[in-house]
Amino acid sequence: MEFLRFSGEDSKSWIFKIEQFFSMEKVAAEEKVEVAAMQLEGEEWHLAYMRFGLDFDDPLEELNKVRQTSSVKEYQAAFERPLTRINLSEENASSCFLGGLKHELNIATTLTYGKFIDNLLQKKCRPKEKQ
């Protein structure tokens, strides 16, 4: 299956070829990622996961999508879930948190409590040490 090797160039053609192969060989949906991943060279394995059905878990993307839609407390809980799975500087965590607040609250909070919120998030976002 050398014709299916993918080295990182012309992904659209490669996807077309491998989908044709899947169709001709009647490859089951649950086997497509594994078959496609075997044809990838270098660091291109993530293309198979994104294209052929498995969820590619990205906590940073999840964090960037969190928006305040109700109370700040509920927003904070939703924000902290993906935050615990990534290594983000305190400054970037603060920026992301403020960016997800409702617009009017974001502006008021940034102007009034900028450094205070940084300090609060530093304490709240760090994993608690076991004693």
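Above this note sits the structure.
About the thresholds
- Residues numbered from 1 in each chain as written.
- Predicted model: local features only at pLDDT ≥ 70, side-chain atom pairs only at ≥ 80, totals over all residues.
- Heavy atoms only, no water.
- Helix = DSSP H or I, 4+ residues; strand = E, 2+ residues; numbered from the N terminus.
- Polar contact = N/O pair within 3.5 Å; in protein donor to acceptor, adjacent residues only side chain to side chain.
- Contact = heavy atoms within 4.5 Å.
- Buried < 20%, exposed > 50% of the residue type's maximum accessible area, 1.4 Å probe, protein only.
- Salt bridge = Lys/Arg side-chain N within 4 Å of Asp/Glu carboxyl O.
- Core = buried A, V, L, I, M, F, W, Y, C linked by side-chain atoms within 4.5 Å.
- Phe/Tyr/Trp six-rings, centres within 6.5 Å; stacked < 30°, edge-to-face > 60°.

Student: I keep staring at the side chain of Q68 and nothing clicks. Help me out?
Tutor: For Q68, the position within the fold is in the loop between α4 (59–65) and α5 (72–83). A polar contact of 3.0 Å, which involves the side chain of Q68, links it to the backbone oxygen of S70. Those residues in contact with Q68, other than ones at most four positions away along the chain, are Y75, G100, L101, K102 and L105.

Student: Hey, could you run me through the environment of R67 in this one?
Tutor: The residue R67 is located in the loop between α4 and α5 in this model. On the basis of relative accessibility, which here comes to 47%, the residue R67 falls in the partly exposed class. Sequence spacing of R67 and F97 is 30 residues, and the spatial spacing of their C-alpha atoms is 8.7 Å. With near-sequence residues (within four places) excluded, R67 lies in contact with Y75, G99 and G100. At 3.0 Å, the side chain of R67 forms a polar contact with the backbone oxygen of N64.

Student: I keep staring at unusual backbone geometry and nothing clicks. Help me out?
Tutor: Most peptide bonds take the trans configuration, and most residues that are not glycine carry a negative phi. Notably, K26 is not glycine yet its phi reads approximately 55°, a positive angle. Note on K26: relative accessible area 70%, which makes it exposed.

Student: Where do I start with the pattern of salt bridges in this structure?
Tutor: Here the idea is simple: oppositely charged side chains can pair when their charged atoms come close. Scanning the model with the defined rule gives two salt bridges in all. With a closest N to O distance of 3.1 Å, K65 and E61 form a salt bridge. Here K65 pairs with E61, and both are found in helix α4, just four residues apart, close to one helical turn. You can call E61 partly exposed: its relative accessible area is 40%.

Student: Sorry, what's going on with the nonpolar core here?
Tutor: When a protein is soluble and globular, its nonpolar side chains tend to lie buried together. Counting 11 residues, the largest nonpolar core consists of L4, F6, W14, I15, I18, F21, F22, V27, V35, A36 and L40. Broken down by secondary-structure element, the contributors of at least two residues to this core are α1 (11–25) and α2 (32–38). Among the elements that make up this core, the one with the highest residue count is α1 (five residues). Counting nine residues, the second-largest nonpolar core is a separate cluster that includes V66, Y75, L83 and F97.

Student: How should I be thinking about the packing of aromatic side chains in this particular structure?
Tutor: Here the distance between the centres and the angle between the planes together describe a pair of aromatic rings. Applying the stated rule across the entire model yields four aromatic pairs. With a centroid separation of 4.9 Å and 40° between ring planes, the pair formed by Y75 and F97 is classed as tilted. On the criterion of sequence distance, the pair formed by Y75 in helix α5 and F97 in helix α6 (residues 90–100) is long-range, its members being 22 residues apart. Summarising the burial analysis for this pair, Y75 and F97 share the class buried. Aromatic side chains F79 and F97 sit 5.2 Å apart centroid to centroid with 85° between the ring planes, which places their arrangement in the edge-to-face category. Here F97 lies in helix α6 and F79 lies in helix α5, a separation of 18 residues in the sequence. Ring-pair connections join several aromatic residues into one group, and the members of that group are Y75, F79 and F97.

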